[in-house]
Amino acid sequence: MKKLYLAVILFSLSSLSFAGTLSNGIDNSQQQRAAASQKAESSQALPHSPLSTDVCSFTFTSGANNTFLQYCVTANGNVLDVVTPLSQQHIFGREGYGFCDINSGTEYFDYADAGDTLNWNPATVVSHSATKVKIARTTNDGIWTLTQTISQSAATSSIKVSMTLKNNTLVDREVQLSRFADIDADGTVSNTVDSTINDAMLFNSIGRGGSFGLALQNVGTSPFTYLGFIQNTPAGVLSCTPFTHQAIGPLVNTDGSAVMTYIITIPKGASKTVNVGYRGL
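Residues numbered from 1 in each chain as written. Predicted model: local features only at pLDDT ≥ 70, side-chain atom pairs only at ≥ 80, totals over all residues. Heavy atoms only, no water.

S.K.: Got a minute to help me understand the state of the cysteines in this structure?
M.R.: Here, the word disulfide means a covalent bond between the sulfur atoms of two cysteines. Going through the model one piece at a time under the given rule, you end up with two disulfides. Here Cys56 engages in a disulfide with Cys72; their sulfurs sit 2.1 Å apart. Where Cys56 bonds to Cys72 through sulfur, the torsion about that S-S bond is close to -45 degrees, and the disulfide is left-handed. On the criterion of sequence distance, the pair formed by Cys56 in the loop between α2 (28-42) and β1 (58-62) and Cys72 in strand β2 (residues 69-73) is long-range, its members being 16 residues apart. A residue is classified by how much of its surface remains accessible, and Cys56, at 32% relative accessible area, is partly exposed. Look at Cys72 and you get buried, because its relative accessible area is 1%. There is a disulfide in this structure between Cys100 and Cys240, and the S-S distance comes to 2.1 Å. Every disulfide takes its handedness from the sign of the S-S torsion; for Cys100 and Cys240 that torsion is 95 degrees, giving right-handed. (Disulfide = S-S within 2.5 Å. Helix = DSSP H or I, 4+ residues; strand = E, 2+ residues; numbered from the N terminus. Buried < 20%, exposed > 50% of the residue type's maximum accessible area, 1.4 Å probe, protein only.)

Right under this line is the structure:
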């Protein structure tokens, strides 16, 4: 099954054009109005459960000026309101995690304002300090427990998110685990959007209305098959059909989003961990 999903990834990459989307001459304010309208519509594209929240429960701050980093974490483990460097906000209310249980075809996700599935139990705060918060959440079918450790890396002005997924059943299972972020670089919805295998990034070049951005990236050496990719929409990624809105960059003047995705086999009763991060550009 892993080979099949890897083939889907490779086919998806090869089937898309590598030519970027060029500016069509529409003035920037008109593009931003159109993108804002699309974002409002896309917020209704996925379901919202009563447990969904964009309310900050924990806020972390470090550095000053070019090394400044501030972000907050919701009770459910969404990383929001990312500001780096000083005064440059990039993520607002639409970020989170999702995975597909390949054995059953069941998807689980929580992207805050971008929607969530109805199959989660309430999250539990395991621990909290001045630089780190650890949050655990079990699916309401009892099959999976996701434990997230979200920590501030002041030395690199970055955020590290460790996602540990435990298989609570008596059979081996395979999952596709993803992290999603609707990044609005410099607080604007129309950005340059691009990716490598290791990261997905949205930024505004000098001369295109800004000079900063944010990357969602793999952290460290991963033993799993993984891919960073971009979407040509701010909508949350569907866990079991993650490449529906995949695009090949660079795209310009686009309200897009960033995804890191991993294919993982988790033995019965075992846990596996992936590490992603956010870094300013």
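S.K.: Whenever I open this one, the packing of aromatic side chains confuses me. Can you help?
M.R.: Aromatic ring pairs are defined here through the distance separating the ring centres and the angle between the ring planes. Throughout the structure, instances matching the rule amount to ten aromatic pairs. Note on Phe60 and Tyr71: the rings are 5.2 Å apart at their centroids and 25 degrees apart in plane angle, and the pair reads as stacked. Of the two residues, Phe60 sits in strand β1 while Tyr71 sits in strand β2, which places them eleven residues apart along the sequence. Both residues of the pair, Phe60 and Tyr71, count as buried. With a centroid separation of 6.2 Å and an interplanar angle of 65 degrees, the aromatic rings of Tyr108 and Trp120 are classed as edge-to-face. Separated by twelve residues along the polypeptide, Tyr108 in strand β5 (residues 106-110) and Trp120 in the loop between β5 and β6 (124-128) bring together distant segments of the chain. Here Tyr108 matches Trp120 in class, with each residue buried. (Phe/Tyr/Trp six-rings, centres within 6.5 Å; stacked < 30°, edge-to-face > 60°.)

S.K.: How do you make sense of the pattern of salt bridges when you look at a structure like this?
M.R.: Close approach of charged atoms allows side chains of opposite charge to pair. Inspection of every chain in the model, using the stated rule, returns four salt bridges. We note a salt bridge from Arg94 to Asp182, for which the minimum N-O separation is 2.9 Å. One end of the pair, Arg94, is in strand β4 (residues 89-101); the other, Asp182, is in strand β10 (residues 173-183), with 88 residues separating them in the sequence. Note on Arg94: relative accessible area 7%, which makes it buried. Judged by relative accessible area, Asp182 falls into the buried class, the value being 1%. Among the salt bridges present, the one from Asp110 reaches Arg137, with a minimum N-O distance of 2.7 Å. Here Arg137 lies in strand β7 (residues 132-138) and Asp110 lies in strand β5, a separation of 27 residues in the sequence. Neither residue differs from the other here; Asp110 and Arg137 are each classed as buried. (Salt bridge = Lys/Arg side-chain N within 4 Å of Asp/Glu carboxyl O.)

S.K.: It is not clear to me how the environment of Ser57 should be interpreted in this structure. Could you clarify?
M.R.: Structurally, the position occupied by Ser57 is in the loop between α2 and β1. Note: C-alpha distance between Ser57 and Asn76 (19 residues apart in sequence) is 9.2 Å. Those residues in contact with Ser57, other than ones at most four positions away along the chain, are Val73, Thr74 and Ala75. (Contact = heavy atoms within 4.5 Å.)

Function-wise, these values are silent; they only describe arrangement.
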